[in-house]
Amino acid sequence: MLPARTFILAGLLVVLTAFAAFQARAVEVQRVVSPGGIEAWLVEDHSNPIIALELAFRGGASLDPATKPGLAYMVSTLIDEGAGPLDSQSFQGALDDLSINLRFQAGLDGFNGSLSTLTENSGRAFELLRLALTAPRFDPEPVERIRSQILSRLSREAEDPDVIAGRTLRRLMFQEHPYARPTRGTEASIAAITSDDLHGFVRARFGRDELFVGVVGDITPEALKTVLDQTFLPLPVKAEPFSVAEAAVQSAGDLVVIEKNIPQSVVSLGQAGIKRDDPDYYAAYVVNHVLGGGGFSSRLVEEVREKRGLAYSVYSYLGPLDHGALVGGGVATQNERVGESLDLIRAEWARMADEGPSAEELEQAKRFLTGSFPLRFSSSGNIAGMLVGMQLEDLGIDYLDKRNSFIEAVDLAMAQRVAKRLYRPDDLTVVVVGAPAGVTPTREAPAGGS
C-alpha cells in the first residue's frame, strides 16, 4: 500500500498542472520604453483596478562602508519617512489615506522597492514613490526613532540562535568579503550613521543606469510610459561606479559550536555552491529539490524527520549571489540528538554526490517544479517581482514561457553529474548554536556576522 503522502502529492500535481495550463495563457510580458528612455517590463491585467510596481537598483549592502555596515538597510527603513514637502507624519498619512503600500528592502546585491495601489490613486502613489527616491528628507525625529528600533532589533537578534547560526556561517564562508558583513549593521555602526551618510547613499546608488522596473496590473503601455518618465526621469542618469570582488567561498569543513543554554540546538551548514548564470544551475535546482528543497518529499525530511523523528524541520537550499554562491542547509533538534542528525545529513549529502537522484525522484521533482511554477503568479506583486528578477539575471523577456523547458531538459545523467560536482560532504562547514551532544568543534567561532 502506498503511503498517504504519495496520494496527496499525486493529487497536488494534478491540481498544479491544471492551474499551470490556465496561468500560462494569462501572462504576456511587454517591453515598454518611455520617451525618456526608462524601460519597464509590463504584464497588463485589467481584471482588477490594481497596479503593482517592483523596482531594483543594482548595488546593495555589500557596498556599505566597512566601518558602517547597515547603511543600506537603514536607508530602506527611512526612505519613506518623509520626502519632498512632506514630513514623516504627512508622508505616511498620505499612504494610509489612499491605501497605498510602499516598501523598500536592502539585499546584499541590490536595493528593492515595492508599490501597490488602486488605479484611481495611482497618480498620487507614483508621485510619492518619486519623492521617496529623489527627495528623501531623513529628518532628525524619524532618523532617531528608526535608529532606536533597529538597535532594539539588533539587541533581540543577538540572543536568537537562528540569527547567530546564520551570521556565523556567513562569516566562516565569506571571511573578509563584504558578504560576511552584518547586513543590518552592528550597534556601533548603526549609532554612527549620520543623515549625511543616508543622503550620500541615495545620491550614489539611485542612478537610472542601474534601475530595473516590473509592472503588473491595470495600466496600458502608453500610460506606463508617462508614469515612467514622471517617476524616474528625475533620478541621476548614472549611479556612482562600483565593483564588488568575487568571493573565494571557504569550504574548509570546519565545525563551530556556540554554547547557549537552550534545550534545542540550531544548526546551519554550507559549502561553496553554484551561481545563477552557471549552465548547470537548473540541474542543481532539481537535485536540491530531491535532497532537501522539496519539503516532505525530500530525502533529508524522509531520513531525519519521518524515519527517526529527530527534527521537525530539516532542509537544503541553493544560495546564488552575484559574486559568490553557497549550497547550504539547516536543522533544529534536541541537544542530545545533534550528532546523530548531523551524521545523517552528511550521509545524505554523500549519497547524493555518489549516486545522484533516482530516475523516479528526478521525474517527481521535475513534475512538481514545473507544475507548481504558476503558483508564483498568485499576486500582481509576485509577478512584478519576477519581471524584475528576469531583468537582473538577464533571463530574457520570454523566460516565463521557457522556464519549464529548462527544468524538463534535466536528464538523469546530467543530474548525477551535477550532484557529484555540487555536493562535497567533507567540505561542509557547520555551525551549531546550543548545548549539543555528539559533536566536537574544530575551531572557535569568528567575530562578526550578519
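From a predicted model like this one, the values you see are computed outputs, not experimental measurements. (Residues numbered from 1 in each chain as written. Predicted model: local features only at pLDDT ≥ 70, side-chain atom pairs only at ≥ 80, totals over all residues. Heavy atoms only, no water.)

Trainee: So what exactly am I meant to see when it comes to the overall build of the protein chain here?
Mentor: Counting its secondary structure elements, the protein chain contains 16 helices and 11 strands. What you see for the protein chain is a C-alpha radius of gyration of 23 Å, in line with the 22 Å of a compact globule of 450 residues. Overall size of the protein chain, expressed as C-alpha extent along the three principal axes, is 60 × 50 × 35 Å. Within the protein chain, buried positions represent 51% of all 450 residues. Partitioning the intrachain contacts of the protein chain with sequence separation of at least 6 by distance along the chain shows that 83% fall at a separation of at least 24. Just so you have it, the protein chain exposes about 19800 Å², and 52% of that area is on carbon and sulfur atoms. Separation between the mean location of the 43 positive side-chain charges and that of the 59 negative ones in the protein chain comes to 2 Å. (Helix = DSSP H or I, 4+ residues; strand = E, 2+ residues; numbered from the N terminus. Rg over C-alpha atoms; globule rule 2.2 N^0.38 Å. Buried < 20%, exposed > 50% of the residue type's maximum accessible area, 1.4 Å probe, protein only. Contact = heavy atoms within 4.5 Å. Areas by Shrake-Rupley, 256 points an atom, 1.4 Å probe, with all protein chains shown as cover. Lys, Arg positive; Asp, Glu negative; His and termini not counted. Charge placed at Lys NZ, Arg CZ, Asp CG, Glu CD.)

Trainee: Is there a simple way to explain the UniProt feature "domain: Peptidase M16 C-terminal" (unreviewed entry) in the protein chain in this structure?
Mentor: If you check UniProt for "domain: Peptidase M16 C-terminal" (unreviewed entry), the listed places come out as residues 193-367 in our numbering. Summarising residues 193-367: 41% helix, 25% strand, and an end-to-end C-alpha distance of 49 Å. (UniProt positions renumbered as here; feature names shortened; annotations may be inferred.)

Trainee: Could you clarify how one ought to interpret the sheet that holds strand β9 (residues 311-321) in this entry?
Mentor: Two orientations exist for strands paired in a sheet by backbone hydrogen bonds: parallel and antiparallel. Taken together, the 5 strands give an open sheet; going across it, the order is β7-β11-β8-β10-β9, and neighbouring strands pair in mixed fashion. On the outer flanks of this sheet lie β7 (255-259) and β9, each paired with one strand and no other. Ignoring strand direction, the axes of neighbouring strands in this sheet form an average angle of 15 degrees. (Pairing = 2+ DSSP bridges. Axes fitted to C-alpha atoms, helices over the stretch in contact; angles between N-to-C directions.)

Trainee: Is there a simple way to think about unusual backbone geometry in this case?
Mentor: Excluding glycine, most residues fall at negative phi; most peptide bonds, likewise, are trans. Notably, Phe138 is not glycine yet its phi reads approximately 50 degrees, a positive angle. With respect to the helices, strands and loops of the structure, Phe138 is situated in the loop between α4 (122-134) and α5 (140-157). The phi torsion at Asp394 lies on the positive side, around 55 degrees, for a residue other than glycine. Tracing the sequence through the fold places Asp394 in the loop between α14 (380-392) and α15 (399-408). Asp394 sits in the exposed class, given a relative accessible area of 70%.

Trainee: It is not clear to me how the pattern of salt bridges should be interpreted in this structure. Could you clarify?
Mentor: Two side chains carrying opposite charge are able to pair once their charged atoms lie near each other. Under the definition given, this model contains 26 salt bridges. A salt bridge links Asp278 to Arg421, with the shortest nitrogen-to-oxygen separation between them at 2.8 Å. Placement of Asp278 in the loop between β8 (264-272) and α10 (281-293) and of Arg421 in helix α16 (residues 412-422) is noted, with a sequence separation of 143 residues between them. Put simply, Asp278, Asp280, Arg417 and Arg421 are held in one network by salt bridges that share partners. (Salt bridge = Lys/Arg side-chain N within 4 Å of Asp/Glu carboxyl O.)

Trainee: Sorry, what's going on with the packing of α10 against helix α12 (residues 338-355) here?
Mentor: Helix-helix packing is described using two parameters, namely the angle between the two axes and the distance between the axes. Two numbers describe how α10 lies on α12: the axes approach to 11 Å, and their chain directions differ by 150 degrees. Compared by their axis directions, α10 and α12 come out roughly antiparallel. When the axes of α10 and α12 are compared, the crossing they make is right-handed. Contact residues: Val287, Val290 and Leu291 in α10; Glu348, Trp349 and Met352 in α12. Split into classes, the residues belonging to the contact of α10 with α12 amount to 5 nonpolar, no polar and 1 charged. (Parallel < 35°, antiparallel > 145°, perpendicular 65-115°, else oblique. Left-handed = near helix turned anticlockwise from the far one by under 90°. Nonpolar A, V, L, I, M, F, W, Y, C, P; charged D, E, K, R; others polar.)

Trainee: Where do I start with the sheet that holds strand β5 (residues 110-118) in this structure?
Mentor: Pairing is mixed in the open sheet, where 6 strands are placed in the order β1-β2-β6-β3-β5-β4. The open sheet has two free edges, formed respectively by β1 (30-33) and β4 (101-106), since each of these has just one partner strand. When the angles between neighbouring strand axes are averaged without regard to direction, this sheet yields 20 degrees. When strand β3 (residues 50-58) meets strand β6 (residues 211-217), the two strands line up antiparallel, connected through 7 bridges. Across the sheet, Ala52 pairs through a bridge with Val216, a residue of β6. Of the strands in this sheet, β4 and β5 touch helix α2 (residues 71-78), which is tilted by about 175 degrees from β4. Sheet strands touched by α4: β3, β4 and β5. Its angle to β3, the strand with the most contacts, is close to 15 degrees.

Trainee: Would you explain the pairing of strand β10 (residues 324-334) in this entry?
Mentor: Working note: regular strand, side chains alternate between the two faces of the sheet. Across the 11 residues that make up β10, a large majority, 9, are buried. Pairing of β8 with β10, which is carried by 9 bridges, proceeds in the antiparallel orientation. Across the sheet, residue Ser265 finds its bridge partner in β10, namely Thr333. Where β9 and β10 come together, 9 bridges link them in antiparallel fashion. Within β10, the position partnered with Val314 by the bridge is Val331.

Trainee: In this structure, what is going on with the pairing of β8? I would like to understand it.
Mentor: Of all 9 residues in β8, 8 are buried, a share of seventy percent or more. In this structure, β8 lies alongside strand β11 (residues 429-434), joined through 5 bridges in antiparallel fashion. In the sheet register, Leu269 faces β11, and the bridge partner there is Val430.

Trainee: Before we go on, may I ask you to explain a negative patch on the surface in this structure?
Mentor: Together, Asp277, Asp322, Glu393 and Asp394 make up a negatively charged patch on the protein surface. By the secondary structure assignment, Glu393 is in the loop between α14 and α15. (Patch = residues over 30% accessible without salt bridge, like charges linked within 9 Å, V, L, I, M, F, W, Y side chains within 5 Å.)

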